[in-house]
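# Summary of structural features
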Amino acid sequence: MKASERVAQLIKIWPKVYPNAHTELNFKNPLELLIATILSAQCTDKRVNMVTPALFKKYRSAKDYAKAPQAELENAIKSTGFFRNKTKSIRAATSTIAKKFGGKVPDSMEKLRELPGVGRKTANVVLGNAFGINEGIVVDTHVIRLSQRLGLTKEKDPEKIERDLMKLVPKEHWTNWSHWLIWHGRRRCFARKPDCANCEVFRLSRLGMAGRLSSVALGVCSKLFELLFQLLQFFVGEIFQIDQFISRLLQRTNDFVELEMHRFGVAVLGVLDQEHHQKSDDSVAVLMMSCHVSEK
Ligand code: SF4
């Protein structure tokens, strides 16, 4: 099945699996979403959602953030990590919003990219979720992993992955597409141990199918190995028995030869006895030797 056909099937399945998929960052307006998205870099949405209620209560406008002292803002967002850089980005972006865009978060990719510290991913989050504009596809760590596992891209660079996905996924699904992949990445297709056995889109996943095939191949190999081992055991047993048989045969041959020697010795003595009517000392020695050999 081609990638575009798999995407078409996935678009039918995802809404059934994740009917309520949405961004898991809490926000009430574009500014709050912009701030929350900046804070979510290298941090979980859960942690961001713990920090933002107090933050959003204290700083209500772009100007408020822009005026906030660096140390004060750093302290307010400290637990989200990388707080110095995040504070710089928030203050610089909100300062531009206040000065250049009349205090309102712009609603176009071009203008959003003018804000310091705002990249394509953050702009896509804001446009798709705060303004309902499908301008691009958010490519985060989950979307990267899932797109590769589903066999929709071979790229590693987020912007190249986004380009591949934009060719495959119809535009009206771009925002939801990242929600579906992010939700599936968090609930099923984990980075280390994907739960392929219970995956709802298993038959559309390249990695899932490859995993199933390799486990079948592994099963066949282990059966073959077991069979080979049994055959080996059988042959070793047989060889052992042949060895015992040969030893027994040799022993019997030895006994037989010794007995014949003994008989031969007795016969020689008999001849000597008949010829000389007496046993010489030599013939007694021969007899004793032959008896000694046969006793061994
Ligand atoms: S089958 Fe496995 S690898 Fe593929 S999407 Fe599902 S969980 Fe992820």
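A brief structural summary. This one's a predicted model, so the numbers in the text were calculated from it and none came from an experiment. (Residues numbered from 1 in each chain as written. Predicted model: local features only at pLDDT ≥ 70, side-chain atom pairs only at ≥ 80, totals over all residues.)

## Observations concerning the site of the ligand
Just so we agree on the cut-off: We call a residue near a molecule or strand when its C-beta atom, built from the backbone, sits within 6 Å of it. In this classification, Asp, Glu, Lys and Arg are treated as charged, Ala, Val, Leu, Ile, Met, Phe, Trp, Tyr, Cys and Pro as nonpolar, and every other residue, Gly included, as polar.
In the vicinity of the ligand there are 13 residues, among which Cys-189, Cys-196, Cys-199, Ser-205 and Gly-208 approach most closely. Class assignment of the residues belonging to the shell around the ligand gives a composition of eight nonpolar, two polar and three charged.

## Some details on the nonpolar core
Keep this limit in mind: Buried Ala, Val, Leu, Ile, Met, Phe, Trp, Tyr and Cys residues whose C-beta atoms connect them within 7 Å together make up a nonpolar core. Labels follow a simple rule on C-beta atoms placed from the backbone: if 20 or more others lie within 10 Å of a residue's own, it is buried; if 12 or fewer, it is exposed; otherwise it is partly exposed. Per the convention used, a helix needs a DSSP run of H or I reaching at least four residues, while a strand needs a run of E reaching at least two, with both numbered from the N terminus. Contacts here follow a simple rule: the backbone-placed C-beta atoms of the two residues must lie within 7 Å.
With 47 residues, the main nonpolar core has Leu-33, Leu-34, Ile-35, Val-126, Ile-137 and Trp-177 as its most contacted residues. The element best represented in this core is helix 2 (residues 30-39), accounting for seven residues. In contact with Leu-34, other than residues within four places in its own chain, are Ala-93, Val-105 and Val-126.

## Observations regarding unusual backbone geometry
Although it is not a glycine, Gln-42 sits at a positive phi angle of roughly 55°. Residue Gln-42 is classed as exposed on the basis of its C-beta count, with 11 C-beta atoms lying within 10 Å. You will see that Phe-82, though not glycine, has its phi angle at about 45°, which is positive. Along the chain, the position of Phe-82 falls in the loop between helix 5 (70-77) and helix 6 (83-100).

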